[in-house]
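Structural characterization, general
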Amino acid sequence: MKKVCPRCGATFECMHDRILSCHCATVRLNEQQRAYLQKNYPGCLCHDCLTAVKEGIVMDVCGVPFAINRRTMIKKVLIANRGEIAVRVMRSCKEMGIRTVAVYSEADRAARHVMYADEACLIGPAASRDSYLNIENIIRAARQHEADAIHPGYGFLSENADFARRCKEEGIIFIGPSAETMEAMGDKISARKHMIAAGVPVVPGTEQPLQSAEEAVMICNKIGYPVMLKASMGGGGKGMRLIHSEDEVVEAYNTARSESMSAFGDDTVYLEKFVEEPHHIEFQVLGDNHGNVIHLFDRECSVQRRNQKIVEESPSPFLTPELRREMGEKAVAAAKAVNYSGAGTIEFLVDKHRHFYFLEMNTRLQVEHPITEEVVGVDLVKEQIMIAAGYPLHLKQEDLFQRGHAIECRICAEDTENNFMPSPGIIKLLAEPNGIGVRIDSYVYEGYEIPIYYDPMIGKLIVWATNRQYAIERMRRVLYEYKITGLKTNLTYLKRIMHNPDFVKGEYNTLFIEKNSRMLQRPNSNNEEIENIAMIAAYIDYLMNLEENSATQSSDGRPISRWREFGLQKGVLRI
């Protein structure tokens, strides 16, 4: 029947009796909901119909059956990633009753994420550019397996706007922000402009790309040394150079541009004033398609080596409650400035005087997201999926708080005594710690061969306790219990960090590794040497027992006991 909107006087057809408004309604729909309404009810603009489509909780709109159900909206998710993050996403999907599709390269045929998923699809050779970075191969796999959505994890294509755009073109839900948001925040210069407009503090520096080395020299002299030269599309420390004097500018400019072009296909660089003795602190944010944005508090990420994080903790021992509240408000303002949807991270630099500056925004899930989950009690992957399905956030800022303390250590297959060179190989024995407050996000198992083609991180060890002191003590215990043989790892290095006085007191910043390099590279006590000697002696005993068993077998023809061999192997690890 014909109705007239009491707010603007527009005439339209609607079968509802109660009318509040029409196209001038304050109800906000996402793109999918608007498309459905325009296609099926182009003349119906009443408040009831808009609300019904937005909430997806009724079974008819203007008399026609329609519903958006959380259990049927996304039935199958393809995870466009590998390793521990692929397994971690699949676990949340399984809890939600969502089927999963794994993609894998030829080097990952025996990987855990392939075996854990409901379905799996080969997408190319071992090289990332031919597999995990091949957009068309991944889209083809999603169509072949009829996936409703794609979760990109982190790394690879997680912040690739072209990938998000291709998913949209194919009618596949991309579990992450829009391509436009990625482009706005992926370009560091563009991000700085958005933050300045939103009233978020930024480090003094250039707002336009540098055009020449001569211009770089002029601006460096104007800003004052030290200065940080950065790649506009950079991340992970690539395309980044610290400049202490005018003599270093030209070489740093040319090197950074070359490295940026090689890593990101873009040689745009810019300058920022270097913040001395900074803390690297980030805030987790969640935004939906209905204009709601919240933050889930802070993470301290200052234990870094060559701009790569090693240890993270939450909450930060450096922030005061007042500063935490202020930074949280600015993080929300930053996300709202770009209409952010999904899980993201606003990263800040905080100087020794507790002045903070916007650093960058990561438009994806972070490696260190588990410590936020442990402290706040929210499954971020589930929230990502619900947001991507069009649901409004069910979390309210006033209901969130930090509970206890969490620490994460990144376990890597690398030789810490040899300039942290990657150490691929076969895991012969694996003993993972457990107990109260212990979480392991990993993808390896005994007999698995760490491939040479990808990042050396093989897992993350996370602990939670009621306070920071107890969390450190728990991390020390689980690092002692964690045993991996067959290749070199950074477990011993992480143990030394947990005993370092500066870390224990919480008095550290991004210069922590540089300041304590000698202490961290050598054993911190004789106990470690004694332990190594005991391990060698146990292994010699194990070999002697094997030889004895072999002699027995040759004399009486009886097979070696597999249970006995297994027990000897575990005896070497004292478990």
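Preceding this paragraph is the structure being described.
Conventions used here
For every chain, the first residue of the written sequence is number 1, and numbering continues from 1 along that sequence. Reporting in this predicted model follows two pLDDT cut-offs: at least 70 for local features of residues, and 80 or more for side-chain atom pairs to be given and counted; totals over whole chains, interfaces and linings ignore these cut-offs and use all residues. Calculation of side-chain values draws on the structure's entire complement of heavy atoms; hydrogens and water are dropped beforehand. Classification of residues uses two cut-offs on accessible area relative to the type maximum, computed with a 1.4 Å probe and protein chains only: under 20% is buried, over 50% is exposed, and between them is partly exposed. Each helix corresponds to a stretch of at least 4 residues labelled H or I by DSSP, and each strand to a stretch of at least 2 residues labelled E; elements are numbered beginning at the N terminus. Here the rule is simple: two strands pair whenever DSSP picks up at least two bridges between them. Every definition here rests on a 1 Å grid over the protein atoms only: cavities are sets of points where a 1.4 Å probe fits but cannot get out, pockets are open sets enclosed by protein on both sides within 12 Å along at least five of seven lines, and lining residues have some atom within 4 Å of a point. Grid points are joined across faces, edges and corners, and a volume is the space filled by probe spheres set on the points. Lys, Arg, Asp and Glu make up the charged group, whereas Ala, Val, Leu, Ile, Met, Phe, Trp, Tyr, Cys and Pro make up the nonpolar group; the residues left over, Gly among them, are polar. Nonpolar core, defined: a set of buried Ala, Val, Leu, Ile, Met, Phe, Trp, Tyr and Cys residues in which side-chain atoms within 4.5 Å join the residues together. Here, residues are in contact when the closest pair of their heavy atoms is within 4.5 Å. A fitted line through C-alpha atoms represents every axis, and for helices the fit uses only the stretch in contact; the resulting angles, taken between N-to-C directions, go from 0 to 180 degrees. Note on angle classes: values under 35 degrees are labelled roughly parallel, values over 145 roughly antiparallel, values of 65 to 115 roughly perpendicular, and the remainder oblique.

Remarks on the pairing of strand β13 (residues 279-287)
In terms of burial, β13 is a largely internal element, 9 of the 9 residues being buried. Neither face of β13 is open: one carries H279, I281, F283, V285 and G287, the other H280, E282, Q284 and L286, and all of them are buried. In terms of strand pairing, β13 meets strand β16 (residues 342-350) through 9 bridges, oriented antiparallel. Bridge pairing links H280 to L349 in β16. In this structure, β13 lies alongside strand β14 (residues 293-305), joined through 6 bridges in antiparallel fashion. Across the sheet, residue V285 finds its bridge partner in β14, namely H295. Joining the antiparallel neighbours β13 and β14 is a turn of 5 residues, in which G291 adopts a positive phi near 90°.

Here's the deal with empty space enclosed by the protein
Following the criterion strictly, the structure yields 2 cavities of 30 Å³ or more and no others. Each pocket or cavity is described by its volume, and for the largest cavity that value is around 50 Å³. Broken down by class, the residue content of the lining of the largest cavity amounts to 6 nonpolar, 6 polar and 1 charged.

Digging into the nonpolar core
Core analysis: the biggest nonpolar cluster contains 67 residues, and L78, I150, F163, V311 and I497 have the highest contact counts within it. Aside from chain neighbours lying at most four places away, what touches I150 is L78, A80, I138, I139, A142, F163, C167, I172, I173, F174 and I175.

As for the packing of helix α7 (residues 179-186) against helix α8 (residues 188-198)
The description of two packed helices rests on the angle between their axes and on the distance between the axes. One can describe the packing of α7 onto α8 by two numbers: an axis separation of 5 Å at closest approach and a directional angle of 95°. Comparing the axis directions of α7 and α8 gives the class roughly perpendicular. Contact with α7, carried on its side by A184, M185 and G186, involves K188, S190, A191, H194 and M195 of α8 and no other residues of that element. Of the residues that constitute the contact of α7 with α8, the class distribution is 4 nonpolar, 3 polar and 1 charged.

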